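Descriptive analysis of the structure
Take a look at the letters that make up each chain.
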Amino acid sequence: FAKLSKIAPVVAYPEKPWATSWRDQTAIVGKALGLSSQASDLVKKTEDSVSALADKYPVIKDKTFFYAAANQPGVLNVYRAEDPRVQLLNDLGMKNSPSIAALDASKGDGSFFYQLSYENLSKIDTDLLVMYFDKQSSVDAFTADPLVAAMPTIKEGRFAPIVGESFVAATSAPSVLSIPWMLDRYVPQLAAAAEKVK
């Protein structure tokens, strides 16, 4: 960054990596390209799209969710409130599960996620479990684990997996390009899981 800045204006994340909201990313790119007005228009258009989906599926409003990934055996990566993928679900009117903060034993480490061992899965209290997987066989392997299978969200169908590499990429790094495509596919899945909340 320092070397390139001597040559030309350079843009980068303003604070922490992987924690810049899709709105801020769009504004930064728009400024870098001299297209701030167009960037603002894209943000507004995307916000309207998100609002329309939230209105179409009111069952998801105020439902709590726990966002995680099973990237290694026996451990979940749990995404904190500042992660853009979590914030996107907040934009839909969903609420972060209190369990996300309550089970965070490494607060203040500067990361956008923390790790939670499977022995603590029973402590997760949430309406919906949101996770991503590269393929369906990974979902099947995850839910086959006895500790996972015992979770109320799994047993009661309150599980909304994001499956497929393109789908995962679109949700993990939300942008004005990926959000409409991804949410059109994913919000109906969230709504179906939310219907099962008692």
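The coordinates are above.
Quantities reported herein were computed from a predicted structural model and do not represent experimental measurements.

With that settled, the discussion passes to the pattern of salt bridges. Side-chain pairing between opposite charges can occur once the charged atoms of the two side chains come close. A full pass over the atoms with the stated rule returns nine salt bridges. Asp48 serves as the salt-bridge partner of Lys44, at 2.9 Å between the closest nitrogen and oxygen. Of this pair, Lys44 and Asp48 both sit in helix H3 (residues 36-56), four residues apart, which is roughly one turn of that helix. Its relative accessible area of 40% is what places Asp48 among the partly exposed residues. By sharing partners, the salt bridges in this structure join Arg23, Glu47 and Asp91 into a single network.

Counting through the fold element by element, Ile28 comes out in helix H2 (residues 22-33). Remark: the alpha-carbon pair of Ile28 and Ala12, spanning 16 residues in sequence, is separated by 8.3 Å. Beyond its immediate stretch of four places on either side in the chain, Ile28 contacts Val11, Ala12, Pro14 and Thr20.

Soluble globular proteins: nonpolar side chains tend toward being buried together. One finds Tyr67, Leu92, Leu183 and Leu190 to be the most contacted residues of the largest nonpolar core, which totals 34 residues. Take this core: its biggest share by element is nine residues, from helix H10 (residues 178-194). What Leu183 contacts, discounting residues up to four positions off in sequence, is Val50, Leu53, Leu88, Leu92 and Pro188. Ranked by size, the runner-up nonpolar core spans 20 residues in total, among them Val78, Leu129, Met131 and Ile154.

Quick look at the packing of aromatic side chains now. Any two aromatic rings considered together are summarised by their centre-to-centre distance and by the angle between their planes. Scanning the entire structure with this criterion turns up 11 aromatic pairs. With 6.2 Å between their ring centres and 85° between their planes, Phe133 and Phe159 make a pair best called edge-to-face. Of this pair, Phe133 sits in strand S5 (residues 128-133) while Phe159 sits in strand S6 (residues 159-163), and the two are 26 residues apart along the sequence. Take Phe133 and Phe159: they sit in the same class, and that class is buried. Between the aromatic rings of Phe167 and Trp181, the centroid separation amounts to 6.0 Å while the plane-to-plane angle is 75°, which identifies the pairing as edge-to-face. In this pair, Phe167 is assigned in helix H9 (residues 165-172) and Trp181 in helix H10, connecting sequence segments 14 residues apart. We classify Phe167 as buried; its relative accessible area is 3%. An aromatic cluster is defined as three or more aromatic residues linked by ring pairs; in this entry it consists of Tyr67, Tyr79, Phe112, Phe113 and Tyr132.

Moving on, we come to the environment of Ala169. Mapped onto the secondary structure, Ala169 falls in helix H9. Residue Ala169 is classed as partly exposed on the basis of its relative accessible area of 46%.

Once that is clear, we can look at empty space enclosed by the protein. In the structure shown here, the tally under the stated rule is one cavity of 30 Å³ or more. Here the largest cavity is characterised by a volume of approximately 50 Å³. Of all the secondary structure elements, the ones that give two or more residues to the lining of the largest cavity are helix H4 (84-91) and H10. Grouping the constituent residues of the lining of the largest cavity by class yields seven nonpolar, one polar and one charged.

Scoring rules and cut-offs
- Residues numbered from 1 in each chain as written.
- Predicted model: local features only at pLDDT ≥ 70, side-chain atom pairs only at ≥ 80, totals over all residues.
- Heavy atoms only, no water.
- Salt bridge = Lys/Arg side-chain N within 4 Å of Asp/Glu carboxyl O.
- Helix = DSSP H or I, 4+ residues; strand = E, 2+ residues; numbered from the N terminus.
- Buried < 20%, exposed > 50% of the residue type's maximum accessible area, 1.4 Å probe, protein only.
- Contact = heavy atoms within 4.5 Å.
- Core = buried A, V, L, I, M, F, W, Y, C linked by side-chain atoms within 4.5 Å.
- Phe/Tyr/Trp six-rings, centres within 6.5 Å; stacked < 30°, edge-to-face > 60°.
- 1 Å grid on protein atoms, 1.4 Å probe; cavity = no way out; pocket = protein on both sides within 12 Å on 5 of 7 lines; lining within 4 Å.
- Points joined across faces, edges and corners; volume = space filled by probe spheres on them.
- Nonpolar A, V, L, I, M, F, W, Y, C, P; charged D, E, K, R; others polar.

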